[in-house]
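Chain by chain, the residues:
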Amino acid sequence: MNRTEVGRAGGVAISDLRLDGTDEERVDRILAIARHVLSTSDVAPDDELADHGGTSLSIIRIVAEASRALGLDIDPRDLGGTVTVRNLARVARASAQRPPVDKP
């Protein structure tokens, strides 16, 4: 994935990843963002992101992109020390203050 494709994850535009479905859809959408940020398709929903090169900075980037693209509010302090995509999805709440943003 090159920088001209920023905003795309797993062949799907991140801006197309609206949160309007089931918990598994939420997991899939955050997983696409995590794979994009970590530049790997090897991440599974229950994998520790640190095992795939995830750092505190990359976790912040994943949280920020989920907030921007999906209209989610994720507080990493709610994770209880286990940073997986499934746990990010579990603690995510729809943000009442910010709707998802469309990208041109």
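Residues numbered from 1 in each chain as written. Predicted model: local features only at pLDDT ≥ 70, side-chain atom pairs only at ≥ 80, totals over all residues. Heavy atoms only, no water.

Regarding the overall build of the protein
And step 1. Secondary structure assignment for the protein yields 3 helices and 4 strands.
And step 2. From first element to last, N terminus to C terminus, the protein shows the α and β order β-β-α-α-β-α-β.
And step 3. Residues counted as buried form 42% of the 104 residues belonging to the protein.
And step 4. Sequence-distant contacts, at least 24 apart, represent 56% of the contacts inside the protein between residues at least 6 apart.
And step 5. Working note: accessible area of the protein is about 6000 Å², and carbon and sulfur atoms make up 49% of it. (Helix = DSSP H or I, 4+ residues; strand = E, 2+ residues; numbered from the N terminus. Buried < 20%, exposed > 50% of the residue type's maximum accessible area, 1.4 Å probe, protein only. Contact = heavy atoms within 4.5 Å. Areas by Shrake-Rupley, 256 points an atom, 1.4 Å probe, with all protein chains shown as cover.)

Considering the packing of helix H1 (residues 23-38) against helix H2 (residues 56-70)
And step 1. In the contact formed by H1 and H2, the axes pass within 9 Å of each other and the chain directions differ by 135°. With respect to each other, H1 and H2 are oriented oblique. Crossing angle aside, the handedness with which H1 passes H2 is right-handed. Contacts between H1 and H2 involve Arg29, Ile30, Ile33, Ala34, Val37 and Leu38 on the former and, on the latter, Ser58, Arg61, Ile62, Glu65, Ala66 and Leu70.
And step 2. Residues of the contact of H1 with H2, tallied by class, amount to 8 nonpolar, 1 polar and 3 charged. (Axes fitted to C-alpha atoms, helices over the stretch in contact; angles between N-to-C directions. Parallel < 35°, antiparallel > 145°, perpendicular 65-115°, else oblique. Left-handed = near helix turned anticlockwise from the far one by under 90°. Nonpolar A, V, L, I, M, F, W, Y, C, P; charged D, E, K, R; others polar.)

Thoughts on the side chain of Glu65
And step 1. Looking at the secondary structure, you find Glu65 in helix H2.
And step 2. On the accessibility criterion, Glu65 (18% relative accessible area) is buried.
And step 3. Among the polar contacts listed, one links the side chain of Glu65 to the side chain of Arg68, at a separation of 2.5 Å. (Polar contact = N/O pair within 3.5 Å; in protein donor to acceptor, adjacent residues only side chain to side chain.)

A look at the confidence of the model for the protein
And step 1. On average, residues of the protein score 77 in pLDDT, and 68% of them are at 70 or above.
And step 2. Per-element confidence in the protein ranges from a low mean pLDDT of 46 for strand E1 (residues 8-9) to a high of 93 for H1.
And step 3. Note on residues 1-20: pLDDT under 50 across the span, and 45 contacts to partners over four residues away in sequence or across chains. (pLDDT = per-residue confidence, 0-100.)

Description of H1
And step 1. Over its 16 residues, H1 runs 22 Å from end to end, which matches the ideal 22 Å to within 8%, given 1.5 Å per residue.
And step 2. Considered for burial, the residues of H1 that qualify are Arg26, Val27, Arg29, Ile30, Leu31, Ala32, Ile33, Ala34, His36, Val37 and Leu38.
And step 3. Of the residues trailing H1, Ser39 is marked for its positive phi of about 55°. (Expected span 1.5 Å × (residues − 1).)

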